[in-house]
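# Residue-level structure breakdown
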Amino acid sequence: MHEIRPGARIDPSEIASEFGMSVTPPRDALHMLVGEGLAEIRHGEGFFVPEIDEQGLKDLYDWNLDLILAAWRRGKPTPGTFPSLVGDPITQTEAFFGAIARSSGSRLHVLAMRWANARLGAARRVEANGLFDATEELAAIAAALSSGDSAAARRLVADYHNRRKSMAMRIVDGLYGSAGTNSRL
């Protein structure tokens, strides 16, 4: 699996060469990612991973929280809804919030959560590098649900996002190094 930093150029011919195929499938896939907001085209320069700044990251955290709470209201997740917390924290987080989206019964919530997980993936890699213990946070949310305290679980989900918003600049710096303050969404 390749990790591409925000702002990096994506060369469809390199992808084609790596997988021994025509350049058309990678180019078509990149055009689809552009439509999803997961890649961008800079005319005359090619495809790029979208850049992100502090406010853009805070907006993503807010939107992710809004999506989770909307799915929650519709589906009322139960303790059995959630996957076991094994594996790396990024996969755990995606699976945990994906389970909340699935509990809503709405395919649109599920699709939106996939998009949010994809867009937040790079930030979550930085988060997992010593800033937060997502496994502990998700376990606390699941424990609150197990005890029947859904209000406490919702507060814990909001706290999870607010902690990250308070560290957004540090996370952006982790994405770019010292260039984080000059990044854009």
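Residue positions within a chain follow its written sequence, with the count starting from 1. Only residues with pLDDT of 70 or above have their local features reported here, since the model is predicted, and side-chain atom pairs are shown and tallied only from 80 upward, although totals for entire chains, interfaces and linings are computed over all residues. Water and hydrogen atoms play no part in the side-chain values, which are based on all heavy atoms of the structure.

## Describing the pattern of salt bridges
When a carboxyl oxygen of Asp or Glu is within 4 Å of a side-chain nitrogen of Lys or Arg, the pair counts as a salt bridge. A full pass over the atoms with the stated rule returns 8 salt bridges. For K165, the salt bridge is made with D62, and the minimal N-O distance between the two is 2.8 Å. One end of the pair, K165, is in helix α7 (residues 150–166); the other, D62, is in helix α3 (residues 54–75), and 103 residues separate them in sequence. Only protein chains enter the accessibility calculation, which uses a 1.4 Å probe. A residue is then buried if its area is under 20% of the maximum for its type, exposed if over 50%, and partly exposed in between. Judged by relative accessible area, which is 30%, D62 ranks as partly exposed. Notably, a salt bridge pairs R164 with E127, separated by 2.8 Å at the nearest N-O pair. Taken together, the residues span a long stretch of sequence, with R164 in helix α7 and E127 in helix α5 (residues 107–127) at a distance of 37 residues. In terms of burial, R164 and E127 fall into one category: buried. Counting from the N terminus, the helices are the DSSP runs of H or I reaching at least four residues and the strands are the DSSP runs of E reaching at least two.

## Topic: the packing of α3 against α5
It is at 10 Å that the axes of α3 and α5 come closest, and there the two elements cross at 140°. Relative to α5, the element α3 lies oblique. Viewed along their axes, α3 and α5 form a crossing whose handedness is left-handed. For the pair α3 and α5, the contacting residues are L57, L60, Y61, W63, N64, L67, I68, A70, A71 and R74 in the first and H109, A112, M113, W115, A116, R119, L120, A123, R124 and E127 in the second. Three categories are distinguished: nonpolar for Ala, Val, Leu, Ile, Met, Phe, Trp, Tyr, Cys and Pro, charged for Asp, Glu, Lys and Arg, and polar for the others, with Gly belonging to the last. Classifying every residue of the contact of α3 with α5 by side-chain character gives 14 nonpolar, 2 polar and 4 charged. Geometry is summarised by axes, namely lines fitted to C-alpha atoms with helices restricted to the contacting stretch, and by angles between N-to-C directions that run from 0 to 180 degrees. Throughout this description, any angle smaller than 35 degrees is read as roughly parallel, any larger than 145 degrees as roughly antiparallel, any in the 65 to 115 degree range as roughly perpendicular, and the remainder as oblique. Handedness of a crossing follows from how the near helix is turned relative to the far one, being left-handed for an anticlockwise turn of less than a right angle and right-handed for a clockwise one. We call two residues in contact when some of their heavy atoms are within 4.5 Å.

## Some details on the packing of aromatic side chains
Two aromatic rings from Phe, Tyr or Trp, using only the six-membered ring of Trp, form a pair when their centres are within 6.5 Å; if the ring planes differ by under 30 degrees the pair is stacked, by over 60 it is edge-to-face, and anything between is tilted. Going through the model one piece at a time under the given rule, you end up with 3 aromatic pairs. Here the aromatic rings of W63 and W115 are separated by 5.3 Å at their centres, their planes lie at 90°, and the arrangement is edge-to-face. Separated by 52 residues along the polypeptide, W63 in helix α3 and W115 in helix α5 bring together distant segments of the chain. Ring plane angle 80° and centroid distance 5.3 Å describe the contact between F97 and Y160, whose orientation is recorded as edge-to-face. Highlighted residues: F97 in helix α4 (residues 89–103) and Y160 in helix α7, separated in sequence by 63 residues.

## Digging into the sheet that holds strand β2 (residues 40–42)
Whether two strands pair depends on DSSP finding at least two bridges between them. Ordered by their spatial adjacency, 3 strands build an open sheet running β1-β3-β2, and the pairing between neighbours is antiparallel. The two strands at the open ends of the sheet, each matched to only one other strand, are β1 (9–10) and β2. As defined by bridge partners, β1 adjoins strand β3 (residues 46–48) across 2 bridges and the pair is classed as antiparallel. Bridge pairing in β3 links R9 to F48. With respect to the sheet, helix α2 (residues 24–36) is in contact with β1, β2 and β3, its orientation differing from that of β3 by roughly 55°.

Just distances and angles here, no functional claims.
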